[in-house]
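Each chain, written out:
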Amino acid sequence: MAVTTQPKLDTERLRADFAVFDELVNGKPVAYLDSAASTQKPRQVLDVMRDFYEHSYANVHRGVYRLAERATTGYETARRKVAAYVNAPSEREVIFTRSATESLNLVAYAWGLDNLGEGDVVVVTDLEHHSSFVPWQYVAGRTGAAFRVIPIDEAGELRLDALEEIERDGNVKVVASNLVSNALGTVNPIQALSSWAHERGAIMVVDAAQAAPHRRLDVQALDCEFLALSSHKMCGPTGIGALWGRRELLEAMSPFNLGGEMIRSVSAERTTWNELPYKFEAGTPAIAEAVGFGAAVDYVSEVGLDAIAQHEQELVEYTLERLAELPWIETYGPPPARRAGIVSLNVEGVHPHDVAQVLDWEGVAVRAGHHCTQPLMTKLGVSATIRASFYLYSIREEVDRFVEGLDRAKKSLG
Amino acid sequence: MSEFDQLYRELILDHYKNPRNHGLLEPADAHAEGQNPLCGDELAVTVRFGDGDVIEEIGFDGRGCAISQAATSMLSDLVKGRTAEHVAAMPSQELLDELGIPLTPVRLKCAILGLGVLKLALHKAKGTPLPEEWGTSSRDLVLE
């Protein structure tokens, strides 16, 4: 048996990159356990963006002057970094969008409206974020396609045995699933879903917003048609995300937003579209944000995705161990080996909002709510959960403070 | 006083743990349901009128945080004996004064959920137009 040594994260050194950890909330250092919603930003990313604005900023693609050239180079270099990050066969297949949500809407509208109709079936999962669930639900409604949902089992994992029944409802054309559930942390079997989809002539659309920060992504190994990711969940700025898609599909698709860089020529009689990837990038893009996204890719890659995944799994194991001491806690989701750095739970007799309020007074930042996954909350039979989520800068002391806060909330309100 | 005691003062905890007018009335003269989209909390309110559209009985049910549950419980006591017209125009500040706790913008939504649902029930029952700022969407997505 080969002995593999996992590189350990030096969290103390990494935390020094994030000024926010010097911040006091209620006189206490902030324990930021809401990275699944958005991560904090390291100095390295902020420096690159500031430097870009101060030395290389202009609009992209048009100007013949030196600054415009630098800006365009910065923007296109960022695209190459994102392409490499997801192991895309070509950087022309990487489209910058506003967010993973916009990426998923792009596919649902630009591919879905032209390719779906009555007799077709769109398949999503119980674990989807609203951003993956609702665009397909909407486009199915617009085109007359059936909309079906893969259910979960008690551990919060997809019940692939249900696929057999789903396919009886018509021609399966799309399967859309997240790679990592933002609410439970479940890691979904995308390759199995891709094979199933392809055997039926369907496309596989992957929402990797929650996976991209935490594990190696390889669109070729996942064998999907489209994959969406977001910068702000992986140390980068907000306002920028990306869509990777197979070139032949992107080329055959209608455009999504119209105007600006996506145009080749316009006349009153005929308008033609630019080549990939610009065909899908209407209007002036978020230029400095793209550059920041590229810097975030560099930062996260340098820290090391395997080490990040390992670090988060250790934190999940530790958290679940600590929570097992508390009989009035109900946790949701699969065992640590099959989940990313997310722990979703409820305190018996205390509403998640009240728990989060008590935690805030202790300087512990967690999310309480439905996490934009209302169908999943309905399945779990709850209106909301408390979610603690980890990243490369999270430490055990923060977990301890979280668990102590839960105890305080239970004692005072339960 | 600690932050905990300010927000979860005794009266609030009492209403939360022993909600007044809990449970839906059947039959009822007015009925409405509502959600807090932030947290998925749900609330239903029912009302029976006496002479002159005075709110004689009120009952509510739902799930929500201590603030939303306590606020709705206190509201239910507050509005009894008032006319539908009066309550439909009641400023939320009156309820907030009654609660008497410091609220962040997010928790404010928890506190006034019950009042919003009650007003909706009254407007529906009386056929009066909903306040413009509610701007409800008439083209919700419904799949067969």
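Only a predicted model underlies this, so the values are computations on that prediction, with no experimental measurement involved. (Residues numbered from 1 in each chain as written. Chains lettered and ligands numbered in written order. Predicted model: local features only at pLDDT ≥ 70, side-chain atom pairs only at ≥ 80, totals over all residues.)

Let us now look at the overall build of chain A. The helix and strand inventory of chain A stands at 14 helices and 17 strands. Against the compact-globule benchmark of 22 Å for 414 residues, chain A has a radius of gyration of 22 Å, which places it among compact chains. Its C-alpha atoms give chain A principal-axis dimensions of roughly 70 × 60 × 50 Å. Sequence-distant contacts in chain A: of pairs separated by 6 or more residues, those separated by 24 or more amount to 71%. (Helix = DSSP H or I, 4+ residues; strand = E, 2+ residues; numbered from the N terminus. Rg over C-alpha atoms; globule rule 2.2 N^0.38 Å. Contact = placed C-beta atoms within 7 Å.)

Let's shift gears to the nonpolar core. Counting residues in each nonpolar core, the largest one holds 165 residues, and the members touching the most others are A:Val206, A:Ala208, A:Leu227, A:Val291, A:Val355 and A:Phe402. Ranked by residue count, the leading element in this core is helix α10 (residues 287-303) of chain A, at eleven residues. (Core = buried A, V, L, I, M, F, W, Y, C linked by C-beta atoms within 7 Å. Buried ≥ 20, exposed ≤ 12 C-beta atoms within 10 Å, placed from the backbone.)

This paragraph deals with the sheet that holds strand β8 (residues 203-207) of chain A. Residues and elements named next belong to chain A. If you walk across this open sheet you meet the seven strands as β4-β10-β9-β8-β7-β5-β6, and the pairing is mixed. Every interior strand has two partners, whereas the edge strands, β4 (94-97) and β6 (146-150), have only one. Sheet twist, expressed as the mean angle between neighbouring strand axes with direction ignored, is 20°. Where β8 meets strand β9 (residues 226-230), three bridges bridge the pair, whose relative direction is parallel. Residue Val205 lies in a different strand from β9, and its bridge partner there is Phe226. Seen against the sheet, helix α5 (residues 130-143) touches β5 (120-125), β6, β7 (171-178) and β8 and runs at an angle of roughly 165° to β5. (Pairing = 2+ DSSP bridges. Axes fitted to C-alpha atoms, helices over the stretch in contact; angles between N-to-C directions.)

The next subject is the packing of helix α2 (residues 43-55) of chain A against α10(A). Residues and elements named next belong to chain A. Axis separation between α2 and α10 bottoms out at 9 Å; the angle between their running directions is 145°. Two packed elements cross with a definite hand, and for α2 against α10 that hand is right-handed. Contacts from Gln44, Val45, Val48, Met49, Phe52 and Tyr53 in α2 reach Ala288, Val291, Gly292, Ala295, Ala296 and Tyr299 in α10. Partitioning the contact of α2 with α10 into residue classes produces ten nonpolar, two polar and no charged. (Left-handed = near helix turned anticlockwise from the far one by under 90°. Nonpolar A, V, L, I, M, F, W, Y, C, P; charged D, E, K, R; others polar.)

Turning to the environment of A:Leu250, a few remarks are in order. All names here are of chain A. Locating Leu250 in the fold gives a position in helix α9 (residues 247-252). Accessibility expressed as a C-beta count within 10 Å gives 23 for Leu250, which makes it buried. In this structure, the C-alpha to C-alpha distance between Leu250 and Pro277, residues 27 residues apart in sequence, is 8.5 Å. Contact partners of Leu250, with chain neighbours within four places excluded, come to Glu93, Gly245 and Leu276.

Our focus in this paragraph is the packing of helix α5 (residues 92-99) of chain B against helix α6 (residues 105-126) of chain B. All names here are of chain B. Close contact between α5 and α6 brings their axes to 10 Å; oriented N to C, the two are set at 130°. Between α5 and α6, the angle falls in the class oblique. Of the two possible hands of crossing, α5 and α6 adopt the one that is right-handed. Between α5 and α6, the contacting residues are Ser92, Leu95, Leu96 and Leu99 on the first element and Ala111, Ile112 and Leu115 on the second. Class assignment of the residues belonging to the contact of α5 with α6 gives a composition of six nonpolar, one polar and no charged. (Parallel < 35°, antiparallel > 145°, perpendicular 65-115°, else oblique.)

This part covers the interface of chain B and chain A. In this complex, chain B contributes 16 residues to the contact, which on the side of chain A involves 20 residues. Listing elements by their share of the side of chain B that touches chain A, those giving two or more residues are α1 (3-7) and β2 (41-49) of chain B. Top contributing element to the side of chain B that touches chain A by residue count: α1(B), with three residues. When grouped by side-chain class, the residues that make up the side of chain B that touches chain A number ten nonpolar, two polar and four charged.

In this section: the sheet that holds β2(B). Residue and element names in this part refer to chain B. Read across the open sheet, the three strands follow the order β1-β2-β3; overall the sheet is antiparallel. The open sheet has two free edges, formed respectively by β1 (30-36) and β3 (55-63), since each of these has just one partner strand. Adjacent strand axes in the sheet meet at a mean angle of 15° when their direction is disregarded. Of the strands in this sheet, β1, β2 and β3 are in contact with α6, which crosses β1 at around 145°.

All names here are of chain A. Across its 14 residues, α5 extends 19 Å between first and last C-alpha, which sits within 8% of the 20 Å expected from 1.5 Å per residue. Ser131, Ser132, Phe133, Val134, Pro135, Trp136, Gln137, Val139 and Ala140 are the residues of α5 that are buried. Here the buried face of α5 lies against α4 (100-115), β5, β6, β7, β8 and α13 (374-380). Positive backbone phi, at 85°, marks Gly144, one or two positions downstream of α5. (Expected span 1.5 Å × (residues − 1).)

Residues and elements named next belong to chain A. Of the two faces of β6, the one lined by Ala146, Arg148 and Ile150 is fully buried and the one lined by Phe147 and Val149 carries no buried residue. Summarising the sheet, β5 and β6 pair through five bridges and their orientation is parallel. For Val122, the partnering residue across the bridge sits in β6 and is Phe147.

All names here are of chain A. In terms of residue burial, helix α12 (residues 352-361) counts as a mostly covered element, since eight of its ten residues are buried. All of the buried residues in α12 are Pro352, His353, Asp354, Val355, Ala356, Gln357, Val358 and Leu359. Backbone geometry just after α12 places Gly363 at a positive phi near 80°.

Residue and element names in this part refer to chain A. Along its sequence, chain A is organised into domain 1 (11-43 + 302-413) and domain 2 (77-291). Placing a centre on the C-alpha atoms of domain 1 and another on those of domain 2 gives a separation of 28 Å. Domain 1 puts 26 residues into the contact, and the matching count from domain 2 is 27 residues. A per-element tally of the side of domain 1 that touches domain 2 places helix α11 (residues 305-323) first, with four residues. (Domains from an automatic or database assignment.)

Let's shift gears to unusual backbone geometry. Put simply, A:Leu276 and A:Pro277 share a cis peptide bond, and its omega is 0°. For A:Pro277, the location among the structural elements is in the loop between β12 (271-273) and α10. B:Pro27 follows B:Glu26 through a cis peptide bond whose omega is 0°. Structurally, the position occupied by B:Pro27 is in the loop between α2 (10-17) and β1. Of note in the backbone geometry, A:His61 takes a positive phi value of approximately 75° without being a glycine. Looking at the secondary structure, you find A:His61 in the loop between α2 and α3 (66-85). Although it is not a glycine, A:Asp223 adopts a positive phi angle of roughly 60°. Residue placement: A:Asp223 occurs in the loop between α8 (219-222) and β9.

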